[in-house]
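# Results of the structural survey
Take a look at the letters that make up each chain.
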Amino acid sequence: MPVSSEAVLQKWRRKGDGIALFADECLRPSKPNEDGTPRSQINSAYKAWCEEHGFKRANSQVLADRIHLLLGVPLPKRKTSGYHKGKWAYDVEIDAALS
């Protein structure tokens, strides 16, 4: 398959991938000095985004797995220090323009 056709196919597939679109539009990996975002806050933002954009929501485990793969960040983990100590959190930040 020609490279240009492969790029078009990937773009088409991505349009139907609500989690990938949500991650592209709303999330970015945390910087080393940032605390990340609680899992409940990411799940709420994802739910609202899906409702606004007409996508069916995936469950929280699928969301976690896909964010991990798409952004290359670890799966959510319980924070042991910082602002979110004791909470399950992603090493991602929600785009400030959206929060």
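Given the structure is predicted, the values throughout are model-derived calculations rather than measurements.

Attention now goes to the overall build of the chain. Secondary structure assignment for the chain yields four helices and five strands. Split into buried and exposed, the 99 residues of the chain put 29% on the buried side. Relative to all contacts within the chain whose residues are 6 or more apart in sequence, the contacts with residues 24 or more apart total 62%. For the chain, the accessible area works out to roughly 6,600 Å², and carbon and sulfur atoms hold 53% of it.

Taken in spatial order, the three strands make up an open sheet running β2-β4-β3, and their pairing is antiparallel. Edge positions in the open sheet fall to β2 (37-38) and β3 (77-78), since each of these has one partner strand only. Strand direction decides the pairing type here: β2 and strand β4 (residues 88-90), joined by two bridges, are antiparallel. If you follow Pro38 over to β4, its bridge partner there is Ala89.

One way to put it is that helix α2 (residues 18-26) packs onto helix α3 (residues 39-53) with a least axis distance of 11 Å and a crossing angle of 110°. What the angle tells us is that α2 and α3 run roughly perpendicular. When you trace α2 past α3, the crossing you get is right-handed. Residue-level inspection shows Gly18, Ile19, Leu21, Phe22, Glu25 and Cys26 of α2 in contact with α3, the latter providing Ile42, Ala45, Tyr46, Trp49 and His53.

Along its 12 residues, helix α4 (residues 60-71) runs 16 Å from first to last C-alpha, staying within 8% of the 16 Å computed at 1.5 Å per residue. Residues Leu63, Ala64 and Ile67 constitute the buried set of α4. Taken end-on, α4 shows its buried residues confined to a sector of 100°, consistent with a single buried face. Residues of α4 that are buried make contact with α2, β1 (27-29), α3, β4 and β5 (92-94). By the N-cap criterion, in which a side-chain oxygen at the helix start approaches the backbone nitrogen of a residue two or three places on, α4 is capped by Asn59, the distance to Gln61 being 3.0 Å. One or two residues past the end of α4 sits Gly72, with phi positive at roughly 70°.

So, about the packing of aromatic side chains. On inspection of all chains with the given rule, the structure shows three aromatic pairs. A ring pair is formed by Phe22 and Tyr46, whose centres lie 5.3 Å apart and whose planes are at 65°; its orientation type is edge-to-face. Taken as a pair, Phe22 in helix α2 and Tyr46 in helix α3 lie far apart in primary sequence, 24 residues in all. Each ring, one from Phe22 and one from Trp49, has its centre 6.0 Å from the other, and the planes form 65°; the classification is edge-to-face.

The rules we used
Residues numbered from 1 in each chain as written. Predicted model: local features only at pLDDT ≥ 70, side-chain atom pairs only at ≥ 80, totals over all residues. Heavy atoms only, no water. Helix = DSSP H or I, 4+ residues; strand = E, 2+ residues; numbered from the N terminus. Buried < 20%, exposed > 50% of the residue type's maximum accessible area, 1.4 Å probe, protein only. Contact = heavy atoms within 4.5 Å. Areas by Shrake-Rupley, 256 points an atom, 1.4 Å probe, with all protein chains shown as cover. Pairing = 2+ DSSP bridges. Axes fitted to C-alpha atoms, helices over the stretch in contact; angles between N-to-C directions. Parallel < 35°, antiparallel > 145°, perpendicular 65-115°, else oblique. Left-handed = near helix turned anticlockwise from the far one by under 90°. Expected span 1.5 Å × (residues − 1). Arc of directions from axis to C-beta. Polar contact = N/O pair within 3.5 Å; in protein donor to acceptor, adjacent residues only side chain to side chain. Phe/Tyr/Trp six-rings, centres within 6.5 Å; stacked < 30°, edge-to-face > 60°.

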